[in-house]
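Here is how the chains run, residue by residue.
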There are 2 protein chains.
Amino acid sequence: MKQHQIIIVDDHVLFSQALKGLIDDFEEFSIQAVLGNGKELITWFEENTKYPAVILMDINMPIMDGIEATKWLNDHHPDVKVLALSMDDHETTIISMLRAGAKGYLLKDIHPKILRQGINDVIEKGIYYTERVTNSILNTYKPDNGASAVLLKPRELEFLKLACTDKTYKEIASDMCLSPKTIDGYREALFAKLEVRNRIGLVLYGIKEKLVVL
Amino acid sequence: MKQHQIIIVDDHVLFSQALKGLIDDFEEFSIQAVLGNGKELITWFEENTKYPAVILMDINMPIMDGIEATKWLNDHHPDVKVLALSMDDHETTIISMLRAGAKGYLLKDIHPKILRQGINDVIEKGIYYTERVTNSILNTYKPDNGASAVLLKPRELEFLKLACTDKTYKEIASDMCLSPKTIDGYREALFAKLEVRNRIGLVLYGIKEKLVVL
DNA sequence: CAAAAAAAGGGGCTTTTCCCCCTCCTCAGC
DNA sequence: GCTGAGGAGGGGGAAAAGCCCCTTTTTTTG
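None of these values were measured; they are calculated from a predicted model. Numbering of residues begins from 1 in every chain and follows the order in which that chain's sequence is written. Labels are handed out in written order, letters beginning with A for the chains and numbers beginning with 1 for the ligands. In keeping with the predicted nature of the model, local features appear solely for residues at pLDDT of at least 70, side-chain atom pairs appear and are counted solely at 80 or more, and the whole-chain, interface and lining totals rest on all residues. As a rule here, side-chain values come from all non-hydrogen atoms in the structure, and water together with hydrogens is ignored.

> Is there a simple way to explain the pairing of strand 5 (residues 104-107) of chain A in this structure?
Look at any regular strand and the pattern is simple: side chains alternate between the two faces of the sheet. All names here are of chain A. Using a 1.4 Å probe on the protein chains alone, a residue whose accessible area is under 20% of its type maximum counts as buried, one over 50% counts as exposed, and one in between counts as partly exposed. Think of it this way: any DSSP run of H or I at least four residues long counts as a helix, any run of E at least two long counts as a strand, and we number them from the N terminus. The alternating pattern of strand 5 places Gly104 and Leu106 on one face and Tyr105 and Leu107 on the opposite face, and all of these are buried. Only when DSSP finds a minimum of two bridges between them are two strands counted as paired. By the bridge criterion, four bridges tie strand 4 (residues 81-86) to strand 5 in an arrangement that is parallel. Paired with Ala84 across the strands is Tyr105, a residue of strand 5.

Below is the structure:
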């Protein structure tokens, strides 16, 4: 048996199987399991007792995504290290993943050598940061407005989700059981808070920040 | 040398390298080259004379995407068969790719066995259709409005992209060097064609169908 | 060439969106 | 008990979006 066991969690079977072949060729690692989503991962952990050293975790997956799965792992098996592996290079996604407890973040367009390096670093140093990730972390602390980042209140988020719909504000008002004028207030508040000039800007923000599901 | 040569075109190096390993394990195929985008593919064809039997083509790539590359291949090397390989299962993308001349369409979440079958089918029968693709083709002929599917003209697409921006229609008009009234015409035409009732619907459509980049 | 279709532009109208400034109520905290 | 913050609601108006019906020009095509 090789030194380190690894589990791949990714819903793209072709990719995960191909990746398994690639990693099995590295003499220091071997693939312990290939799973399709977070739910399968939890089931695997409930049915097994010998845990892997590293989990290569995709982020966008059906049923249970990588962020939730990473949170679960951090709660129940904090010694198993998660290395996020995604083609999504949006800053918010990277941050969410790191906040959930991932020890590193790799993009799928990297060279296999980098992956090998990344896995080794996570095992040895407990952490692996690429330049891209470092930049994202720095960006969250940019001198923007001082105290808090753009944090929406529950009611504002609810409105934003409805604004990303083809409903008129009047319809949104009745959906939220509020007067159209109150909705008008939420609208203005969000315009200012998110620095947009019209409803399209609101929709674009909601989608970019993944606050709304399409 | 093995029977059939294959070229992989995909910007996700980790995936393409892993896939190369996978396919090299199939005894009937060998990988002739692994390229990162459509432009590299054209350059490769200009510098080589022994062409592959099949090209596994990703769709979303920087510089030159899979659709354009497939069109170029169809024009210049119609004997080389393109098998589209994407995680994008949107109907419009599938249709665009088949219209560009792809002989089949596979999703990245398939099992390696299916890939092997697909490549073999494309080589032997010249074509490979999964159920998903067949459905898409059927859907374009749904008894909707008679003639054409939802295919946007270049000018309409240009307008749609600008509509997915926080610009006003007046600003869009001057961007496209048209009168606001003409823009109004495009708007109405798109509302009808895409079955939406306001600009938000337009934005949502554009993003869902990945016609606009965020 | 003529007919048809597509592209461009317009008039006039209603609804919706956007903006600013104002009131009432409630509840937490000196 | 007063005060201030925040949620809910409102008046009024300008601008943009949406709707229908119409003309002219260019391009395509039988």
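> Honestly, the protein's contact with DNA strand C in this entry has me stumped. Any pointers?
If you check the shell around DNA strand C, you find 18 residues, and the closest are A:Tyr169, A:Arg199, B:Lys181, B:Thr182 and B:Tyr186. Sugar and phosphate atoms constitute 60% of the interface atoms of DNA strand C, taking the interface as everything within 4 Å of the protein. Pairs of N or O atoms within 3.5 Å make up the polar contacts considered here, provided that, within protein, one atom can donate a hydrogen while the other can accept it, and that residues adjacent in sequence are counted only when both atoms are side-chain atoms. Between DNA strand C and A:Lys170 there is a distance of 3.4 Å, counted from a phosphate oxygen to a side-chain nitrogen or oxygen. Measuring from a phosphate oxygen of DNA strand C, one finds a backbone N or O atom of A:Arg199 at 2.8 Å. When residues in the surface near DNA strand C are grouped by element, the largest group, five residues, is from helix 9 (residues 180-194) of chain A. Nearness is defined per residue: one heavy atom within 4 Å of the molecule or strand is enough.

> For this particular structure, what's the right way to read the protein's contact with DNA strand D?
Around DNA strand D, 17 residues are found, and the nearest of them are A:Lys181, A:Thr182, A:Tyr186, B:Tyr169 and B:Asp184. Counting only atoms of DNA strand D within 4 Å of the protein, the fraction found in sugar and phosphate groups is 60%. The side chain of A:Thr182 places a nitrogen or oxygen atom 2.8 Å from a phosphate oxygen of DNA strand D. In the environment of DNA strand D, a phosphate oxygen lies 2.8 Å from a nitrogen or oxygen atom belonging to the backbone of B:Arg199. If you list the elements that add at least two residues to the surface near DNA strand D, you get helix 9 of chain A together with helix 8 (169-175) and helix 9 (180-194) of chain B.

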